[in-house]
Each structure stands twice: as structure tokens, then as C-alpha cells.
Amino acid sequence: MKLLENTIDRIESLDEEMMAKARERVDNLVKPSKSLGKLEDIAVQLVGITRKINPVIDKKAVIVMAADHGVYEEGISSNPQEVTFAQTLLFPKGLTGVCAIGKVSGANIVAIDIGVKGEIPDDAGVIKRKIKHGTDNMTKGPAMTREEAIQSLEVGIEIVNQETQKGIHLLGTGEMGIGNTTASTAILSVLGNCDPLEITGRGAGVGRGGIEHKVEVIRRAISINKPNPADAIDVLAKLGGLEIGGMAGVMLGAAANRIPVVVDGYISTVAAIIAASIEPKAKEYFIVSHASAEPGARMASDLLGIEPMLNMGMCLGEGSGAALAFPIVEAAGSVIKHMATFDEVGLPI
């Protein structure tokens, strides 16, 4: 709890003075006004985050949190739960979707076992920070204790602090966990005050009971646990999951260390809502990568209040959208760093 409290205390708003200087420079670059659209906004945001008019973002990493979900036993997925374990082992080998996309921008993929069911081998290249072997079944009681939820947040913070010491300049969030769209939709239903039927999708593959059964499971979990929508940690604890808490911790840790963090799709955006609920200033450090194809993604983005950059029809997760967006963020930094102003080339505005 102390690490979380200290991290929250360290989060400051963006540097408005530096952002004003950045906006003035961007507005005077040799181009028509506003012609680079969102790139200009990202460039100004990067300056406000880093407090540097020429932000450096050449070292990048996607932190992938992996965990299982007790609600799996309710038949909400068509995929074997063992997929979480198997897929987690593939991240260090560079064989997953986020790894393939991350190669384009030279991003390091950091895999974390925060709650995978089973014992990941010590030599697998996965960072082992397991809190428990998956959450408990949220239809029978809380997915985890409040203490475990806080611990998941602190694991994310801890990993960011370690990556900061390695000189990382740009972070992305990712996850792996069969059943995590069920947990994410349950959380969003509470924080967004909506019926699960409005936002429940297939995830990685819906179980035999279809969407209707998945909705019923989520409704039952909410009814039994009665999470407090005014307390994001309570919602996280009662509905899961460990990887969602881990990603929220990554976002809080990034903000405390003044590092921009690229949010992936649906599940990451739900984690971002939790992080922003815990400390609203953290949201100023978020860059949302893409609009997930999951039905609840639009509501999640609206609730977070940040428009995604890309719409690629993706819903893989893993941090794949964050890795895809890294070159765009780098381009924004390059614009303010390498483009000349009208004054610098001796042209009238």
C-alpha cells in the first residue's frame, strides 16, 4: 500500500509552460496551420510529459501482464484455460502478435506472470511476480481481496520503476489471460453504469452458452459482490483481474516517472479507467492506441475521455495496438525535433 500511495503522491500534471512553448513552435513549423493534426497534439503532450522541447523516446517497451481468471469455470470461453500459460511462454521467444509488431519499432516485450495458473519455469524469460494462481470465481464471491488488488497495482508500479532504471522512454500496456474480457466487461458495466448486455462481446471465443450466458455470469457477479462504483480498487478486487490491476499500476507508475504510456485496446482501456479513477492526473500521460473491435470499446474510450488514434478492426490484445502505435508517437516527437520553423528558414508566416 505504501508503494501505491507514494506513487500517487509523485504524479504531477503536465508542464503547462513547456506545453505552451511546444504549441508555439508547432504552430510556427514550415507547414499549413494544424496540417499534421493529431501528431501536433501528441508532440505537445510529449513535451509536457518529459519537460523537454525535444523529447527523446527511442527506448520503448510493452509490458505484458499475464493472469488467469476463476470465472473461467462458468464456461464463458471456448478456449482452454491452459492457453494463458502456453502463450505467456511465447512472449520471451518473440512468437506472439505483439512481438511481431514490436519488431517494427524495436520495442522490447516484457512478459510478467502476475497470476498465471501453474508454475512458469524459472528459465522461461518471464518475470515472475505471481500474486496467486488466477483470481477466484467472481460469481461466488470477490475475485480477490482488496490487499491482492493493491498488490497487483504495485507489481505494475514496480516493473515500471525497473524499466525506468534501464532508460525506457516510452511504455505500452498489454495483457494475456483467458476470461479477461468477462472481467473487463464486468468492471466497465459498474464504472459505466450500464447493463452488461450493451457491451458484452465474444472476446477470444465465447463459450457454449453464447453471449447470453456470458451476460448472465457478469450480472450474477455484480449482484453477488455489489462493488462500489465510487471506489475503483473495490471494483477491481471484486470483479478482477490481476493483469488488469497490473496494467493500471503500469499506467500510474509511468505517470509518476513522467513517461508517456500507450494504452492498448479494450482491456487496457478498462485498466486505464481504473488508473485514472485512482489518480485523475495520471490520464494526462496516456496515449490511446486503437479502437478495439470489442463491443464495449466505444463506451470504454468515452468513459476514459481519450479518442483512440487508430481504427484497424483489431481485438487481439497483448499490447499489439500499443506496439503498432509506437512509430506514430515517435513521428510526433520527430516533428517537433527536426522540422524547421518559418523563422529558422527565413520565410514570412
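Let me sum up the structure you'll find in this document. All of these numbers come straight from a predicted model, not from anything done at the bench.

**A few points about the pairing of strand β2 (residues 108-115)**
Part 1: Among the 8 residues in β2, 7 count as buried, and that is most of the element.
Part 2: Relative to β2, strand β1 (residues 60-67) is paired through 7 bridges, and the arrangement is parallel. Bridge pairing in β2 places Ala61 opposite Asn108.
Part 3: The pairing of β2 with strand β3 (residues 127-128) spans 2 bridges and is classified as parallel.

**Digging into the layout of surface pockets**
Part 1: Quantified by volume, the second largest pocket comes out at close to 190 Å³.
Part 2: Arg23, Lys38, Asp41, Ile42, Val44, Gln45, Phe286, Ile287, Val288, Ile306, Glu307 and Met309 are the residues that line the second largest pocket.
Part 3: For the lining of the second largest pocket, the secondary structure elements donating two or more residues are α3 (38-50) and β6 (286-288).
Part 4: Counting residues per element, the lining of the second largest pocket draws most heavily on α3, at 5 residues.
Part 5: Here the lining of the second largest pocket is built from residues that sort into 7 nonpolar, 1 polar and 4 charged.

**A look at the packing of helix α2 (residues 16-27) against α3**
Part 1: Their axes nearest at 8 Å, the elements α2 and α3 cross at an angle of 150°. Considered as vectors, α2 and α3 are oriented roughly antiparallel to each other. In terms of crossing hand, the pair formed by α2 and α3 is right-handed. Here Met18, Met19, Ala22, Arg23, Val26 and Asp27 of α2 come into contact with α3, specifically with Glu40, Asp41, Val44, Val47 and Gly48.
Part 2: Across the contact of α2 with α3, the residue classes tally to 6 nonpolar, 1 polar and 4 charged.

**Structural notes on helix α8 (residues 210-225)**
Think of an α-helix as turning once every 3.6 residues; residues three or four places apart then point the same way.
Part 1: An ideal rise of 1.5 Å per residue puts 22 Å on 16 residues; α8 measures up with 23 Å between its terminal C-alpha atoms.
Part 2: The set of residues buried in α8 consists of Gly210, Lys214, Val215, Val217, Ile218, Ala221 and Asn225.
Part 3: On its buried side, α8 packs onto α7 (180-191) and α9 (232-239).

**Section: the environment of Gln151**
Part 1: Inspection of the secondary structure puts Gln151 in helix α6 (residues 146-165).
Part 2: C-alpha of Gln151 to C-alpha of Gly246: the two residues are 95 residues apart in sequence and 8.5 Å apart in space.

**Overview of the sheet that holds β2**
Part 1: Spatially, 6 strands are ordered β3-β2-β1-β4-β5-β6 in an open sheet, and the strand pairing comes out parallel. One side of each edge strand has no neighbouring strand; the edge strands of this open sheet are β3 and β6.

**A few points about the side chain of Thr181**
Part 1: Mapping Thr181 onto the fold places it in helix α7.
Part 2: Side chain to side chain, Thr181 and Lys214 meet in a polar contact 2.9 Å long.
Part 3: With residues up to four places along the chain from it excluded, the contact list for Thr181 reads Gly203, Lys214, Tyr266, Ile267 and Glu294.

What counts, and at which threshold
- Residues numbered from 1 in each chain as written.
- Predicted model: local features only at pLDDT ≥ 70, side-chain atom pairs only at ≥ 80, totals over all residues.
- Heavy atoms only, no water.
- Buried < 20%, exposed > 50% of the residue type's maximum accessible area, 1.4 Å probe, protein only.
- Helix = DSSP H or I, 4+ residues; strand = E, 2+ residues; numbered from the N terminus.
- Pairing = 2+ DSSP bridges.
- 1 Å grid on protein atoms, 1.4 Å probe; cavity = no way out; pocket = protein on both sides within 12 Å on 5 of 7 lines; lining within 4 Å.
- Points joined across faces, edges and corners; volume = space filled by probe spheres on them.
- Nonpolar A, V, L, I, M, F, W, Y, C, P; charged D, E, K, R; others polar.
- Axes fitted to C-alpha atoms, helices over the stretch in contact; angles between N-to-C directions.
- Parallel < 35°, antiparallel > 145°, perpendicular 65-115°, else oblique.
- Left-handed = near helix turned anticlockwise from the far one by under 90°.
- Contact = heavy atoms within 4.5 Å.
- Expected span 1.5 Å × (residues − 1).
- Polar contact = N/O pair within 3.5 Å; in protein donor to acceptor, adjacent residues only side chain to side chain.

Any functional reading would require information that these geometric values do not contain.
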